[in-house]
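Residue-level listing of the chains:
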Amino acid sequence: KADSVSAATPTEEMNGAGNLMDFLDEPFPDVSTYEDFHTIDWLREKSRDTDRHRKITSKSKESLWELIKSLLDAWSGWVVMLLIGLLSGTLAGVIDLAVDWMTDLKEGVCLSAFWYSHEQCCWTSNETTFDDRDKCPQWQKWAELMTGHAEGAGAYVLNYFLYILWALLFSFLAVSLVRVFAPYACGSGIPEIKTILSGFIIRGYLGKWTLLIKTVTLVLAVSSGLSLGKEGPLVHVACCCGNLFCSLFSKYSKNEGKRREVLSAAAAAGVSVAFGAPIGGVLFSLEEVSYYFPLKTLWRSFFAALVAAFTLRSINPFGNSRLVLFYVEYHTPWYMAELVPFILLGVFGGLWGTLFIRANIAWCRRRKTTQLGKYPVLEVIAVTGITALLAYPNPYTRRSTSELISELFNDCGALESSQLCDYVNNPNMSRPVDDIPDRPAGPGVYNALWQLTLALIFKIVITIFTFGMKIPSGLFIPSMMAYHHHDWIIFKNWCRPGADCVTPGLYAMVGAAACLGGVTRMTVSLVVIMFELTGGLEYIVPLMAAAVTSKWVADAFGKEGIYESHILLNGYPYLDVRDEFTHRTLATDVMRPRRNDPPLAVLTQDSTTVEDVETLIKDTDYNGFPVVVSRESERLIGFVQRRDLTLAIKNARQKQDGVVSSSVVYFTEDAPQLPASNPQPLKLRRILNLSPFTVTDHTPMETVVDIFRKLGLRQCLVTRSGRLLGIITKKDVLRHMAQMMNQDPESIMFN
């Protein structure tokens, strides 16, 4: 009987899911979508898209209107990319401008126009002198505005108090908005985006509310002075934009696989505006976040990143015609001997990355398992209070992190007013004044050195506690910021009078790359991002040396970067392509049902009633059911999804006369022979997947894991000689891998 069924199978039904929409008509738009916290079936989505494309192509030959519709369908991908680029570039510009203004608002206000930041206020002033370029009568600190005194202990204390007050207000607003309106807007969002791109559904994570609240609270969180960056959250914001525009086109809104292609490109646009690095953004999406990245997505990512960067450049938020505040250009060459300190920076970056990940994960686990997690608002307020209290006295921690990076990356020149450029100016020297390398360090440099050392220690400690709180928080900038000040020791010993000196800013940049590489384990994309930031082609070798060394050193202590560690901590079902499975287990060891389990819940091809199916759906929570010839033979003929089954029966009860609880459900081509007294049977052949993925019970788990990774399967059936034995789901694979690595298999929480 099974043979006759397979012989009668028409070719168009091989995909099963392809013709589902015809059968279930319009009132059920949810068909073939997925429940929250479930994994998508990549193969099924691919086959549905192929069917849709085939239908459009065949219709396009019928009339001019259909041809125009097919062209619009082909162009819709590029239109979505254009919209993502425009919106994410605009939002990034608005965020940059707002952060700039609100950061300065903690210290004072512009009297001529309160919406001007400190720098913009003094630009417009005619009284600004070159030496006191940061001081102008239009800009007043709070103490001067309130008491009329700009200097003195009283003014300092009042400014200190108001700085803390503003910081607390900003962070309180940020955490409150996140809690009340969009709980998913907290954190950096990259671990969740990686999980979503691997085929997991988290409803609302990329929704309109999340986009709005994340944009507003990101400004508040960064302005509050907390040790966090806006770069990770900008990727989340761009992906929200991508999801928003997907809903405008049915090609993407009705196909979760196609939607993920758009989200991969949106992640590239996010990094493009975060660092002003369009090519780095594309490589970041490819190397770090994407799971499925076809060539078409590569081109579209490139286009989205280009449009986003162009939009941000048009807004010009920093007034320097650059996409980031800390763009620098170096022109001095580096020497072969300097590779040693560059590699040492890489070692330091790798060690720092390991220390940070372990400390941060330990703290986040503590937050999850103790009372601390119940008071997120209190935690944010406490961390902000401590940060502001300790940050204000040190000028290097008081200012925004991007400004600090800008100062540390930049070379000293005649126009620099930084303490780091306070070199002794000897009038008897024969070389020109601005040739700084030949001049000995003045007191300002030594003063700056110990302040930077304190800033380093402070930032290292506080970032561990900040990342993972219930506010938008990125990691890129703190990782880059805190860890490149020890290069000054090398710098002081290296410079000899009369010789060309090394570039301290270059060491800062290489150290930044090393530490960021140690924390995130990025390599190629990291080097390209840093190279785009600096425009220095000749520094690619030092950057590569540092990035590779930091990855090697960090990998020696553990394979997971910070994002993978947070994925593990949250129990997301993420099958990492980079993990190797080397254990000698078989499919039969992993499949369910196990020895003492109840038998597998199955449907028969022509002897189950509607009532039986409804009872099975009510009593179990499985995502789908295998269909067999009969319970005695257990010969497999296909697989049917739970959701499709539910909707099909609901639809049939409403639209077909004679379908009642005792009606027989059949999945064969022809109706079974039934007594005349029986009610009308219900044919559900259309929703049956006749080609479910199967393996034999002796297939090595190494192969099964590979199949799940590369094909993005939800489940796989285990057979022997065509007879159904069991089922392996993605969750079973993840649990088995956790067990093999001596981890808790129950930590995998979702389906």
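See the structure above.
Structure report, in brief. None of these values were measured; they are calculated from a predicted model. Within each chain, residues carry numbers counting from 1 in the order of the written sequence. Where local features are concerned, this predicted model is filtered to residues with pLDDT of at least 70; where side-chain atom pairs are given and counted, the filter is 80 or more; whole-chain, interface and lining totals use all residues. Think of the side-chain values as coming from all heavy atoms in the structure, minus any hydrogens and water.

**Some thoughts on the overall build of the protein chain**
Secondary structure counts use DSSP, requiring at least four H or I residues in a row for a helix and at least two E residues in a row for a strand, with both numbered from the N terminus. Looking only at helices and strands, the protein chain features 30 helices and eleven strands. Each residue is assigned to one of three classes by its accessible area relative to the maximum for its type, calculated with a 1.4 Å probe on protein chains only: buried under 20%, partly exposed between the two thresholds, exposed over 50%. Looking at the protein chain as a whole, 55% of its 751 residues qualify as buried. To be clear on the numbers: accessible area is Shrake-Rupley with a 1.4 Å probe, and residue cover counts the displayed protein chains and nothing else. By element, 60% of the accessible surface of the protein chain is carried by carbon and sulfur atoms, the whole surface being about 33000 Å².

**Some words on the pattern of salt bridges**
Side chains carrying opposite charge are able to pair once their charged atoms draw close together. By convention in these notes, a salt bridge is any Lys or Arg side-chain nitrogen within 4 Å of a carboxyl oxygen on Asp or Glu. By the definition in use, this model includes 24 salt bridges. With a closest N to O distance of 3.3 Å, glutamate 256 and arginine 259 form a salt bridge. One end of the pair is glutamate 256 and the other is arginine 259, both in helix 12 (residues 256-275) and three residues apart, which spans about a single turn. For glutamate 256, a relative accessible area of 8% puts it in the buried group. Residue aspartate 555 pairs with lysine 551 through a salt bridge whose shortest N-O separation is 3.1 Å. With aspartate 555 and lysine 551 both in helix 24 (residues 540-557), this residue pair falls four residues apart, about one helical turn.

**Observations regarding empty space enclosed by the protein**
Definitions used for this entry: grid spacing 1 Å over protein atoms alone; cavity, a set of points where a 1.4 Å probe fits but cannot get out; pocket, an open set with protein on both sides within 12 Å along at least 5 of 7 lines; lining residue, one with an atom within 4 Å of a point. Grid points are joined across faces, edges and corners, and a volume is the space filled by probe spheres set on the points. Under the criterion given, the structure shown has five cavities of 30 Å³ or more. Computed from the structure, the largest cavity encloses a volume of approximately 250 Å³. If you trace the largest cavity, you find 23 residues lining it, with Val99, Val222, Ser400, Thr401 and Ser402 closest to the centre. Listed by contribution, the elements that provide at least two residues to the lining of the largest cavity are helix 4 (64-105), helix 17 (395-398) and helix 18 (401-409). Of all the elements, helix 4 adds the most residues to the lining of the largest cavity, at four residues. When residue character is reported, Ala, Val, Leu, Ile, Met, Phe, Trp, Tyr, Cys and Pro are called nonpolar, Asp, Glu, Lys and Arg charged, and the others, Gly included, polar. A per-class count over the lining of the largest cavity returns seven nonpolar, seven polar and nine charged. In this structure, the second largest cavity spans a volume of roughly 100 Å³. Forming the boundary of the second largest cavity are Thr33, Tyr34, Glu35, His38, Arg44, Asn623, Gln641, Arg642, Arg643, Asp644 and Arg714. Residues of the lining of the second largest cavity, tallied by class, amount to one nonpolar, four polar and six charged.

**A short note on the sheet that holds strand 9 (residues 694-696)**
When DSSP finds two or more bridges between a pair of strands, those strands are recorded as paired. Spatial ordering of the open sheet is given by 9-10-11, a layout of three strands whose pairing is mixed. At either end of the open sheet lies a strand with only one pairing partner, and these are strand 9 and strand 11 (723-729). The sheet shows a mean angle of 35 degrees between the axes of neighbouring strands, taken without regard to direction. Note: strand 10 (residues 715-720) against strand 11, six bridges, orientation antiparallel. The partner of cysteine 716 across the bridge, within strand 11, is isoleucine 728. Between N-to-C directions, angles cover 0 to 180 degrees, with each direction set by a line fitted to C-alpha atoms, over the stretch in contact for helices.

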